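One-letter residues, chain by chain:
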Amino acid sequence: MSSGKLWGVGLGPGDPELVTVKAARVIADADVIAFHSARHGRSISRAIAAPYMRADQLEEHLVYPVTTETTDHPGGYQGAIDEFYEQAAERLAVHLAAGRSVALLAAGDPLFYSSYMHMHRRLADRFEAEIIPGITSVSAASAALGTPLVEGEQVLTVLPGTMPTDELTRRLRDTDAAAIMKLGRTYPAVRQALSDSGRLADAYYIERASSTRERVLTAADVDDADVPYFAITLVPGPQPTTPLRLANSRRDQRHTAEAAEASGQNATRAAAVTSTEAAHAATLDQPLTAETPQMPTTDASTPFAGAGTATNTARTVPLDRSRAAETPAMPTGDASPAIEGTGTVTNTARPVSHRSRVSDVYSAARVSSREDGTDSGSGAGLGDTTATAPASGLGEVVVVGLGPGSPGWTTPEVERALDEATDLVGYTTYINRVPSRPGQRRHASDNRVESERAAMALDLAKKGAKVVVVSSGDPGVFAMAAAVLEESADPQWREVPVRVLPGLTAANAVASRVGAPLGHDYAMISLSDRLKPWEVVARRLAAVAEADMAIAIYNPASSQRTWQVAAMRDVLLEHRKPDTPVVLGRDVGGPTESVRVVTLAELDPADVDMRTLLIIGASTTAVIESEQGTRVYTSRRYQR
């Protein structure tokens, strides 16, 4: 058996639209997608690549044992990291030895302050490896600033912010232009070095370049407490001669984008800077002290070679899978931008926006939808999905809740919306609950790409489709309504109508099985720390427990998140009695439904998974045994 190939895939600065065509093709073709994250489990790299991934790909989630915290490893921090890299490399080697291709994702460029290089050193001598360069943060930050970084014979020095202040000061004095990376908690020392070197007045701070959360400030105006790791300081060589894109907040940028669009100016720029929120989480994929990729770097375009003429009038250039080792064609919607060999190119194809192309790639490569109302599941081909839309007119997005499990819990209003939809968008498990309808396209994806899913739905509706975004339970309770509405606030979607149709909540469904445990004041809390830190979750649990309200607990555990239930129980026992009733409802309304009542002290985390909803009683919650089984209610009258 021949070995598989290792791909080091540079993803660029964070905006999925800045992923190269070749990188998108390799991600879509790979057997295995590998990516890093800290222990919180959120991977920026995976979020960037998500629009190009297939639902049937294997995933290797490489979780750093430490980032900035201390460790009891006998070799200290470096020993823990070196051991992690060895173990991670062997995990990938198993796939490669079995003949599977592995795409190891790297934000920015794989060889520019990237964790990919540690895998390359350990694997490239045993397996074929190829590196796909990506845009780095230096160029993305320069583009965000909007002024040349270096020109003529000027020297650009790239410096890590983790350098000692004296050394950083010396190097800043000796260079024409500088890019300082790895900021975060190092920023006070970086600002001091800029000041000591006399460069502070000429320095600029760029945060999350290329994302919708991009900020550009003068370096002197930055609040040290607000600096994320994904930020960079630039000291341009040439004196800026044009207005700089300085902004104090995301709201300022959005206002600027709206004004530009209203006046018909900078439309291309306004579209280009829009990307999904999930790709730009403030958390990082690598340890702070390890070599970590940041955001962009643009190269000069390569002119066409040769001396002939070729005319391209194609509307769509699909990916040719037979050319796996060659230069890929453009995915969906545009004629190929270059032809290798002889000839120049005249492209007369109708222009299609990059954003549209990203949605098309997501729809075909990741979603694998077909017009016959079934899911192909193959992920084959990056085809054009613009045929989804009706010939003319603006469509709409309707976000619906199917209810928790039973088809009988789906409302007639939601059923009508499903009947009228041209396109369904949603998590695969929920899409599969909806019966197929002739001619209706189904766009299924996994449960970690909410923002991308929302953007895709809005893009389809903008082209005229009647899109239904499917959630379980109620769409406004830890589901897709918030994601769609948040994404729709972007100026490019402001004309797209969005409606939300309610559904029966999982909390109410579970409560109904045992009586009325939510009969008085109660709170709903998600234990997931994917979108908020655990410290916030714990603080809210304590506050609600101290206020003596019943609590419906959503997302209590997952395959990668198993410790929160025990931590929750410990927090609640500081305020609740050990015999407080706890209802465990699993797959309520589904074929494997089970409902049990235990005490808070007896609650076993091993009995809880992602399909379980917990209801924690208050001091006024009572349990009664009847001929029909256990009944639980929380009194309407409050007497503690």
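Residues numbered from 1 in each chain as written. Predicted model: local features only at pLDDT ≥ 70, side-chain atom pairs only at ≥ 80, totals over all residues. Heavy atoms only, no water.

J.: Run through the environment of Pro16, naming residues and quoting values.
T.: With respect to the helices and strands, Pro16 occurs in the loop between β1 (6-10) and α1 (21-29). The sequence separation of Pro16 and Ala50 amounts to 34 residues, and the corresponding C-alpha distance is 8.5 Å. (Helix = DSSP H or I, 4+ residues; strand = E, 2+ residues; numbered from the N terminus.)

J.: So what about the sheet that holds strand β23 (residues 612-616)? Which residues, and what values?
T.: Reading across the sheet, the 5 strands line up as β19-β20-β23-β21-β22 and stay open at both edges, with mixed pairing between neighbours. Lying at the two open borders of the sheet, with one neighbouring strand each, are β19 (522-526) and β22 (594-599). On average, each strand axis in the sheet is inclined to that of its neighbour by 20°, with strand direction left out of account. Bridging between strand β21 (residues 581-586) and β23 involves 5 bridges; their strand directions are antiparallel. (Pairing = 2+ DSSP bridges. Axes fitted to C-alpha atoms, helices over the stretch in contact; angles between N-to-C directions.)

J.: Got a sec to walk through the pairing of β23? Specific residues and values, please.
T.: Taken across its 5 residues, β23 has 5 buried, putting it largely inside the fold. Residues of β23 alternate between two faces, with Thr612, Leu614 and Ile616 on one and Leu613 and Ile615 on the opposite face, all of them buried. In this sheet, β23 lies alongside strand β20 (residues 550-554) in antiparallel orientation, the contact comprising 3 bridges. Counted as the bridge partner of Ala552 is Ile615 from β23. (Buried < 20%, exposed > 50% of the residue type's maximum accessible area, 1.4 Å probe, protein only.)

J.: Tell me about the packing of helix α16 (residues 534-546) against helix α17 (residues 564-573), and please be specific about residues and values.
T.: Angle between the axes and distance between the axes are the two parameters that describe a pair of packed helices. One way to put it is that α16 packs onto α17 with a least axis distance of 9 Å and a crossing angle of 35°. Seen from above, α16 lies across α17 with right-handed handedness. Every residue of α17 that contacts α16 at Trp534, Ala538, Leu541, Ala542 and Ala545 is listed here: Gln564, Ala567, Met568, Val571 and Leu572. Residue composition of the contact of α16 with α17, by class: 9 nonpolar, 1 polar and no charged. (Left-handed = near helix turned anticlockwise from the far one by under 90°. Contact = heavy atoms within 4.5 Å. Nonpolar A, V, L, I, M, F, W, Y, C, P; charged D, E, K, R; others polar.)

J.: Before we move on, could you go through the packing of helix α3 (residues 76-97) against helix α4 (residues 116-123) and cite the residues and values that matter?
T.: Remark: α3 packs on α4, axes separated minimally by 9 Å, with the N-to-C direction vectors making an angle of 60°. By crossing handedness, the relation of α3 to α4 is classed as right-handed. Across the interface between the two elements, Asp82, Tyr85, Glu86, Ala88, Ala89, Leu92, Ala93 and Leu96 of α3 pack against His118, Met119, Arg122 and Leu123 of α4. Its residues assigned to classes, the contact of α3 with α4 comprises 8 nonpolar, 1 polar and 3 charged.

J.: Tell me about the sheet that holds strand β25 (residues 629-634), and please be specific about residues and values.
T.: Spatially, 3 strands are ordered β18-β25-β24 in an open sheet, and the strand pairing comes out mixed. In the strand order of this sheet, the two ends are held by β18 (515-516) and β24 (621-626), each with one partner. Relative to β25, β18 runs parallel, the two sharing 2 bridges. When the bridges of β25 are listed, Gly515 appears paired with Val632.

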